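# Coordinate inspection notes
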Amino acid sequence: MSRTEISRMRPPLVPLATLIGRELRNSDKTEKPSIRYGQAALAKKGEDYFLIKPDCQRIPGNPASSFSVFAIFDGHNGISAAIFAKENLLNHVMSAIPQGISREEWLQALPRALVAGFVKTDIEFQRKGETSGTTVTFVVIDGWTVTVASVGDSRCILDTQGGVVSLLTVDHRLEENAEERERVTKSGGEVGRLNVYGGTEVGPLRCWPGGLCLSRSIGDTDVGEFIVPIPHVKQVKLSNAGGRLIIASDGIWDALSSEMAAKSCRGLPAELAAKLVVKEALRSRGLKDDTTCLVVDIIPPEHSVLPSTPRKKQNVISSFIFGKRSQNSINKLTNKLSSVGVVEELFEEGSAMLSERLGKDFPQKTNSGQFRCAICQVDEPPTDGSEVQSAKCANSGSFYSPTSKPWEGPFLCTSCRTKMDAMEGKRPSQPK
Ligand SMILES: [Zn+2]
């Protein structure tokens, strides 16, 4: 190839105005979308609670570090667990986030901070000695990134307004989740239906002792420890077309499919949409249960309402997938969002094993030479020896069955280690 040929192949010079224009378009995704939300509820037993905090700050006093939290707590056997989780969970999650980290690092730290926060909230509620329990569906929105952590059967769906409707949570119902049934049985619980007079079995599958239909929850002090508070966590990044989240208790989902709920309110503002979803559920099933619905729109900066996007064909665009997904994750991807190019899937993990959820590199040593518990953030002096490795040796001691692996995760204080063993059936724990 001659020199002239090469120089002909060079792209022509691009006018500065065009470059600036491109730069501005590319920065669309770094500019934060706006959030609009609506809420509607109908009470039957009065055990549903919700949390709306649209203006949290990751760094107090810095508006550029803002994020939003939306959550639903569907209580059972009383309301105290739902109220306790509503009042404490966010603080417990935030206290598990390392100080002085960047936005990118905070988004990466969120999944395990959510695990720590859920477990800490459960431990603290149990100490109160009350018997109620609650589902939690907890949604953190920072820019285009949505992180959802959930236990129980309240759901969060994502509608990309004509693109695709997908489920961001997994139902922890014994009736519908074979992997959870197996886990509960392995950890010392019994799964079966209620036996009424005459030996007839009725109702959904429950675990015994306790008789709960859910395999995960916060609270439930009177049920075995195999009903764990470890959430399924999913993190996605929306395209710059934004999207709509519908977060609701089972009063909605027992009446409407994800697709039906999304369709029933598409194109309407969030405030009205939440009311319509509740109305639609009521119309199809009547008021059988507490019914609570939050609709949250993540709207591109230049829009005042959520734009509709054309339905994309599968496999046309494939988007990037970051992070690693556990091979043994209890929850396989329910809807291949990434295959339609609408949303980037950043993280998903549903294992009920703490050792698989906390990672090994959790910050643990404080300035004073003590170790900080990865769950409750309490500082403890090293118990025997000075290294974290000593915890492994102590943990592989007599109370473990010979088949169990030594703990290889970050430092846990004595009470959190006890909790972990109980959840995995390594300690007699019935009832909690
Ligand atoms: Zn602890």
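Everything numeric here is computed off the predicted structure, so don't read it as measured data.

Parameters at a glance
- The numbers attached to residues start from 1 for each chain and follow its sequence in the written order.
- Where local features are concerned, this predicted model is filtered to residues with pLDDT of at least 70; where side-chain atom pairs are given and counted, the filter is 80 or more; whole-chain, interface and lining totals use all residues.
- Each helix is a run of DSSP H or I of at least 4 residues and each strand a run of E of at least 2, with the numbering of both proceeding from the N terminus.
- With C-beta atoms placed from the backbone, a residue counts as buried when 20 or more other C-beta atoms lie within 10 Å of its own, as exposed when 12 or fewer do, and as partly exposed for counts between those limits.
- The directions from the helix axis to the C-beta atoms are what the arc is built from.
- Once C-beta atoms are placed from the backbone, any two residues with those atoms within 7 Å are in contact.
- Each helix should span, by expectation, one fewer than its residue count multiplied by 1.5 Å.
- The angle between axes fitted to the seven residues ending at a residue and the seven residues starting there is what we call the bend at that residue.
- The nonpolar core criterion groups buried Ala, Val, Leu, Ile, Met, Phe, Trp, Tyr and Cys residues into a set whenever they are joined through C-beta atoms within 7 Å.
- By definition, two strands form a pair when at least two bridges between them are found by DSSP.
- Angular values range over 0 to 180 degrees, each being the angle between N-to-C directions of two axes fitted as lines to C-alpha atoms, with helices fitted over their stretch in contact.
- We call two directions roughly parallel when the angle between them is under 35 degrees, roughly antiparallel when it is over 145, roughly perpendicular when it lies between 65 and 115, and oblique otherwise.
- Two helices that cross are described as forming a left-handed crossing if the nearer one is turned anticlockwise from the farther one by less than a right angle, and a right-handed crossing if clockwise.
- Three classes are used, and their members are as follows: Ala, Val, Leu, Ile, Met, Phe, Trp, Tyr, Cys and Pro are nonpolar, Asp, Glu, Lys and Arg are charged, and the others, Gly among them, are polar.
- The predictor attaches a confidence to each residue, called pLDDT, with possible values from 0 through 100.

### Considering the overall build of the protein chain
The secondary structure content of the protein chain amounts to 11 helices and 17 strands. Scored against the burial criterion, the 432 residues of the protein chain give a buried share of 44%.

### Quick word on the environment of Glu344
Note that Glu344 resides in strand E15 (residues 343-349). Among the residues examined, Glu344 registers 18 C-beta atoms within 10 Å and is labelled partly exposed. Taking C-alpha positions, Glu344 is 5.0 Å from Lys237, a pair spaced 107 residues apart along the chain.

### So, helix H7 (residues 258-265)
If you check which residues of H7 are buried, you get Ser258, Ala261, Ala262 and Cys265. The arc that holds every buried residue of H7, seen down its axis, measures 95°, which confines them to one face. Tucked into the core, H7 has its buried residues touching strand E7 (155-159), strand E8 (165-167), strand E13 (243-248), helix H6 (250-253), helix H8 (270-285) and strand E14 (291-299).

### Structural notes on helix H3 (residues 80-95)
Structural remark: α-helix, 3.6 residues per turn; residues separated by three or four positions point the same way. Along its 16 residues, H3 runs 22 Å from first to last C-alpha, staying within 8% of the 22 Å computed at 1.5 Å per residue. At Asn88, H3 shows its strongest bend, of approximately 45°. Those residues of H3 hidden inside the fold are in contact with strand E2 (48-57), strand E3 (66-76), helix H4 (103-127), strand E4 (133-134), strand E5 (136-142) and strand E11 (218-219).

### So, the nonpolar core
In this structure, Val139, Ile246, Val277, Cys293, Leu294 and Val295 are the most contacted members of the largest nonpolar core, which totals 98 residues. Take this core: its biggest share by element is nine residues, from H4. When near neighbours in sequence (up to four residues on either side) are disregarded, Cys293 contacts Ala40, Ala41, Ile246, Ala248, Ile252, Ala274, Val277 and Val278.

### Description of the environment of Arg216
Tracing the chain through its elements places Arg216 in the loop between strand E10 (201-208) and E11. Overall, the presence of 33 C-beta atoms within 10 Å leaves Arg216 in the buried class. The contact partners of Arg216, leaving out residues within four places of it in the chain, are Val151, Gly152, His172, Ile227, Val228, Pro229 and Ile230.

### Quick look at the sheet that holds E14
Strand order across the open sheet formed by five strands is E1-E14-E13-E7-E8, with antiparallel pairing between neighbours. Two strands in the sheet have a free side with no partner beyond their single neighbour: strand E1 (34-42) and E8. Here the average twist between neighbouring strands, direction ignored, is 20°. When E7 meets E8, the two strands line up antiparallel, connected through three bridges. Looking at the pairing, Asp159 lines up with Val165 of E8. Each of E1, E13 and E14 is contacted by H8, which is oriented at about 30° to E1, the strand it contacts most.

### Overview of the packing of H3 against H4
Two quantities define a packed helix pair, namely the angle between the axes and the distance from one axis to the other. Viewed as axis vectors pointing N to C, H3 and H4 meet at an angle of 140°, and their least axial separation amounts to 9 Å. If you check the angle between H3 and H4, you find them oblique. For the pair H3 and H4, the crossing hand works out as right-handed. Contacts between H3 and H4 pair Ala81, Phe84, Ala85, Asn88, Leu89, His92 and Val93 from the former with Ala113, Leu114, Gly117, Lys120, Thr121, Glu124 and Phe125 from the latter. The residue inventory of the contact of H3 with H4, partitioned by class, reads eight nonpolar, four polar and two charged.

### As for the packing of H7 against H8
Where H7 meets H8, the closest approach of the two axes is 8 Å, and the angle between their N-to-C directions is 130°. By the angle class used here, H7 and H8 are oblique. When you trace H7 past H8, the crossing you get is right-handed. Here Ala261, Ser264 and Cys265 of H7 come into contact with H8, specifically with Ala273, Leu276, Val277 and Glu280. Classifying every residue of the contact of H7 with H8 gives five nonpolar, one polar and one charged.

### With respect to the confidence of the model for the protein chain
Confidence along the protein chain averages 83 in pLDDT terms, with 77% of residues attaining 70 or more. Residue range residues 384-404 is modelled with pLDDT below 50. Its contacts to residues more than four positions away, or to other chains, number 23 contacts.

### Re unusual backbone geometry
Here the residue pair Trp208 and Pro209 is connected by a cis peptide bond, since its omega of 0° sits within 30 degrees of zero. Within the secondary structure, Pro209 is located in the loop between E10 and E11. A positive phi angle, near 55°, is found at Asp220, a position not held by glycine. As for its placement among the helices and strands, Asp220 is situated in the loop between E11 and strand E12 (232-238). Owing to 26 C-beta atoms within 10 Å, Asp220 belongs among the buried residues under this scheme. In this model, Gln377 sits at a positive phi of 65°, which is unusual for a non-glycine residue. Position of Gln377 relative to the elements: it lies in the loop between strand E16 (371-372) and strand E17 (379-380).

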